[in-house]
Structures are given as structure tokens and as C-alpha cells.
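So the chains spell out like this:
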Amino acid sequence: MKLDYSIIIDRIPNLLWGCLVTLEISLAALALGMVIGIVLALFRISSVKPLKAFSMAYIWAVRGTPLLVQLFILYFGLPQLGVELSSMTAGILGIGLNTAAYISEIIRSGIIAIDSGQMEAAESLGMSYPKAMIRIIAPQVMRIIAPSLVNQFIITLKNSSIASLVTITELMRAGNQIIYATFRSFEVYTVVALLYLIMCSALMVLSKYVEKKLDTDNV
Amino acid sequence: MSEKILTLVNLHKSFGDLEVLKGVSFSLEKGEKIVILGPSGSGKSTVLRCINRLEKINHGQVFFKDEEITSQTKLTRLRMNIGMVFQRFNLFPHKTVLENVIEGPVHVKGMPKKEAIPFAESLLKQVGLSDKRDVYPKQLSGGQQQRVAIARSLAMKPDILLFDEPTSALDPELVGEVLDVMKELADEGMTMIVVTHEMQFARDVADRVIFMDEGVIVEEGTPDVIFTSPKHERTRSFLKRIIH
């Protein structure tokens, strides 16, 4: 069978629209993942036992189960308990909560890499713990974890394709819909792959830029 | 004078099963310079770290200007008024020299930057580093970093400065420049507690020398008494080992 990419040309807007939805889910999930990830990391290093235990249990459960199963519990399982989430909410929530576990581990590794003398110096000036965390520890942690963080962003962006299975018309599902109409799996999926590659490459370029920027900042 | 500015009463501190401080008490008068000597593991650094609660104390009391430190609020006030200089400098690596020095006044005390910057510049001049205000700590030698750390502590206009082995991490040729700055501060009347192995500094600067071993104060007195006629065998053998 001859390959024919021309049938895709007409449908490019559908795919680009899918890209936008993919970016929307990914960015929202990352924002959610960052916020919850920071909280989980702080819980994890806290001396308050229940907080520490909660964080550890959360990370254990999320890392030990497939994202797809987590997403299905949210979207198909919760309605049974009377909680109906829209597909978009379930998608963002599921991917965000999943990403949070990984981000929190990245942040924690960054925090424990900082010399304890930094916090001591800040506290000896009379600075409060939260302020020292924000002004002294966080900027140093960011420098250390920036590459791993961007890597996690790339993983999350690719994972967002799983949202197609809870009926969100992001890039993957937009591609599938074209295939149902044209039966051109190879052409469509290669173009879909190319579009993911472009989006991820943008993140990779950003990552290189960030790394270079940090390198020249004398730290 | 004899205005007591800091009093430690019966400090006890354990790390797990290891009892590091077994009841340490002394007080400090305004303008007084105390040097704490002792073998490693004697608890002398821990005493300093218990004063501003970088270590929690298991038992005992700390009074700052007759007020016992019993709450976080009081501790914060104490920390703002007692500066600390660390063995490994602990400068903030992501901030320039000037930013390190203004960090405390601006972000703890709320001093406007316009005021803090000229003040920080005058402190950098005092420690001989005016030309380094815009560089990052890692571009400085250990001695220069420690002098910045001293300026950072001074920027809080502290009543007392604690020095925790300030020259122990330095190459020998860089020790002098840091000690010189410390001597100048002492001459200007700064109240200081210094944990150090620099015996000459102790002789020149200390009003009182405290010798610690195994978590207790073995003896204390003027440098003359401690260095020339120590009463205890433990002090004698320590001094003999350190002053060959």
C-alpha cells in the first residue's frame, strides 16, 4: 500500500488543536504537580511523623501503580461514589497527582543535597524557617534540580497521551479520530509522533538553555 | 561594667546515647571576650550552637539580657542580636558578597535597601574587601569568605558574636587575615565568644579562657593563669599537646 500524507493536510488543524489540548493538560498537570510536589517534599523532610508518613505512603502508592489505572479510578471509578469528574478534570487531576509524586522526590533530593550550614547560617541571622526555605534554600535547590525537573516535564507531556483513554481529545485522540475516518494509521501516527517530538524538543532546548544559564551564574 | 548580657545555666545536651554537654554554666559580660579551648569532642562547639539553638538543649537555661529564652519569638530576637561565624563560612553561594551582607538587615530586620547598601559597604571596607562587593563567594579564597561571613554577622549590629572555630578550615597562610579582623573587633569592644585552637589569639584577646573537656568546664581564668599555671592535670596535658 502506498503511503499518502496528503490526506492529512486537510486535517492538520485537528491535530494542531490536539496539540493545544495536550499542552493545556500538561501545563495544568505540571502546575498542580509542582505545588503538590513541593508540599509532599516538605512533608517528607519534616520532623512531624504523620506528615512524613503521609508523604511516603503517597509516593509509594503512586509510584507503585500504573498511571492508566489511577486515571481510570478517577474517571470511571469515582462516579460510583457519587463523584463525577469531567474528563478534563480527571485527566489533569490524575496526571498532576501522579507527576507530584515524582516531582516531590526530585525536590527532596535537591533539598538534602544542600549543606545544612546554609539553613544554620540563615537561622543564625534570625530568619524564620519558611523565609530561609524560600530565600536561601529554594534558589539553590532549583539550580541543582533544574535538569531533572525539565526531564520530568518531558515525561509528563508524553504521559498526557494517556488522557486520550478518558475521552479527552488531545493530540493522540485527535490522531485516532482521523484514523477512524481514513484508515491511514501509519501516516497519522508518524505525524502525531513528529508533533510530540517538536513539543518535547522545545522543552529540551529550554533545558539546555537553563543549564547553560545556571553554569555561568557562578554557583 | 559587669552588666551580664548572656548567662548559661546547667546546659545538658545529648546526641542519642552520647552526652556531649554535662551541665555547662557560665555568663558573659558586655564587652567581654571569652575563648573556649578544649580537645575535639569536648563539647565546645556544641555550647555555642546551644546558645542560639542550632542544637536543641535537653536541659538547662539560656538567659539573654536577663530574659530566659523560652519561646520562638524570644529565640528570634536572640538570634538577631547574637551573630555567628562558622567554621565553613556558610556564605550563601547564590548571592554576591554584597547581597550576602545585606540579606540579614534587609530581609530579617526590614531595613530599606538604600540604607543597607552603604552600611554593608562600610562593613566590607572594615574587613578589607570593598573591591569584592559584586563577586560570588566561590570566587573568593577561604580567608576572604570568612571575612565576608564576619561582615554578614556584623550587618545585624549584634550585641555578641560567636565564632565557631573560624580559622580551622583555612589554609595556614590565610589564618592571619581572619584573626586580624577578629582582633580589630575585639579592640573596638565587641563582646565575643570564640572557640578556637589559636593559642596566641587566646592569649592576646581573651579576658577569660574556659577550658572544656568531656562535656564539662574543667577550669576557667585569665589567659595568664590558664596558660602559665593551670590547676588541672587535664588542662596541663592539653596545653602541652597543643603548644609543643
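Source: prediction; values computed, not measured.

Some details on helix H7 (residues 129-159) of chain A
In step 1: Here H7(A) spans only 36 Å end to end across 31 residues, well under the 45 Å set by a 1.5 Å rise per residue.
In step 2: If you look at H7(A), its biggest bend is around 60 degrees, right at Ile145(A), and the proline Pro147(A) turns up within four residues after that.

Here's the deal with the interface of chain B and chain A
In step 1: At the junction of the two partners, chain B supplies 25 residues and chain A supplies 20 residues.
In step 2: Both sides together, the interface formed by chain B and chain A hides about 2,000 Å², and carbon and sulfur atoms give 54% of it.
In step 3: Seen at the junction of chain B and chain A, the total is 8 residue pairs in polar contact (both at pLDDT 80 or more).
In step 4: When residues of the side of chain B that touches chain A are traced back to their parent elements, those giving at least two are helix H2 (72-81), strand S6 (82-85) and helix H3 (97-107) of chain B.
In step 5: Classifying every residue of the side of chain B that touches chain A by side-chain character gives 11 nonpolar, 7 polar and 7 charged.

Some points on empty space enclosed by the protein
In step 1: Applying the stated rule across the entire model yields 1 cavity of 30 Å³ or more.
In step 2: By volume, the largest cavity is sized at about 30 Å³.
In step 3: Surrounding the largest cavity, Ala121(A), Ser124(A), Leu125(A), Gly83(B), Met84(B), Arg152(B) and Ser153(B) form its lining.
In step 4: For the lining of the largest cavity, the secondary-structure elements that each account for two or more residues are helix H6 (116-124) of chain A together with S6 and helix H5 (142-154) of chain B.

Thoughts on the pairing of strand S2 (residues 18-29) of chain B
All names here are of chain B.
In step 1: For strand S1 (residues 4-15) and S2, the ladder comprises 9 bridges, and the chain directions are antiparallel. Residue pairing across strands places Leu11 opposite Val24, the latter belonging to S2.
In step 2: The hairpin turn running from S1 into S2, its antiparallel successor, is 2 residues long, and Gly16 in that turn takes a positive phi close to 60 degrees.

Brief notes about unusual backbone geometry
All names here are of chain B.
In step 1: Positive phi outside glycine occurs at Asn10, with the angle close to 55 degrees.
In step 2: With respect to the secondary-structure elements, Asn10 resides in strand S1.
In step 3: Relative accessible area serves as the criterion here: at 31%, Asn10 is assigned to the partly exposed category.
In step 4: For Lys157, which is not glycine, the phi torsion reads 45 degrees and is therefore positive.
In step 5: With respect to the helices and strands, Lys157 occurs in the loop between H5 and strand S7 (160-164).

Remarks on the packing of aromatic side chains
Residue and element names in this part refer to chain A.
In step 1: All told, the structure shown has 5 aromatic pairs over all chains when counted by the stated rule.
In step 2: Each ring, one from Phe43 and one from Phe54, has its centre 6.4 Å from the other, and the planes form 70 degrees; the classification is edge-to-face. Placement of the pair is Phe43 in helix H2 (residues 12-45) and Phe54 in helix H3 (residues 49-63), with a sequence separation of 11 residues.
In step 3: When its relative accessible area of 23% is taken as the criterion, Phe43 is described as partly exposed.
In step 4: Exposure remark for Phe54: the relative accessible area of 46% places this residue in the partly exposed category.
In step 5: A centroid spacing of 5.0 Å and a plane angle of 85 degrees characterise the contact between Phe72 and Phe76, whose relative ring orientation is edge-to-face.

Considerations on the packing of helix H4 (residues 67-77) of chain A against helix H5 (residues 87-113) of chain A
Residues and elements named next belong to chain A.
In step 1: For the pair H4 and H5, interaxial distance at closest approach is 9 Å and the crossing angle is 140 degrees. In this view, H4 runs oblique relative to H5, as classed from their interaxial angle. For the pair H4 and H5, the crossing hand works out as right-handed. Taken together, the residues of H5 that come into contact with H4 (itself represented by Leu67, Gln70, Leu71, Leu74 and Tyr75) are Ser87, Ala90, Gly91, Leu93, Gly94, Ile95 and Asn98.

Here we look at the nonpolar core
In step 1: The biggest cluster of nonpolar side chains holds 71 residues, and the ones touching the most others in it are Leu15(A), Leu6(B), Phe26(B) and Ile193(B).
In step 2: The element contributing the most residues to this core is H7(A), with 11 residues.
In step 3: The contact partners of Leu6(B), leaving out residues within four places of it in the chain, are Phe26(B), Ser27(B), Leu28(B), Ile51(B), Val62(B), Phe63(B), Phe64(B), Ile82(B), Ile160(B) and Ile193(B).
In step 4: Among the nonpolar cores identified, the runner-up in size contains 51 residues, and Leu129(B), Ile150(B), Leu170(B) and Ala206(B) belong to it.

Analysis parameters
- Residues numbered from 1 in each chain as written.
- Chains lettered and ligands numbered in written order.
- Predicted model: local features only at pLDDT ≥ 70, side-chain atom pairs only at ≥ 80, totals over all residues.
- Heavy atoms only, no water.
- Helix = DSSP H or I, 4+ residues; strand = E, 2+ residues; numbered from the N terminus.
- Expected span 1.5 Å × (residues − 1).
- Bend = angle between axes of the 7 residues up to and from the residue.
- Contact = heavy atoms within 4.5 Å.
- Buried area = accessible area lost by both parts, 1.4 Å probe.
- Polar contact = N/O pair within 3.5 Å; in protein donor to acceptor, adjacent residues only side chain to side chain.
- Nonpolar A, V, L, I, M, F, W, Y, C, P; charged D, E, K, R; others polar.
- 1 Å grid on protein atoms, 1.4 Å probe; cavity = no way out; pocket = protein on both sides within 12 Å on 5 of 7 lines; lining within 4 Å.
- Points joined across faces, edges and corners; volume = space filled by probe spheres on them.
- Pairing = 2+ DSSP bridges.
- Buried < 20%, exposed > 50% of the residue type's maximum accessible area, 1.4 Å probe, protein only.
- Phe/Tyr/Trp six-rings, centres within 6.5 Å; stacked < 30°, edge-to-face > 60°.
- Axes fitted to C-alpha atoms, helices over the stretch in contact; angles between N-to-C directions.
- Parallel < 35°, antiparallel > 145°, perpendicular 65-115°, else oblique.
- Left-handed = near helix turned anticlockwise from the far one by under 90°.
- Core = buried A, V, L, I, M, F, W, Y, C linked by side-chain atoms within 4.5 Å.

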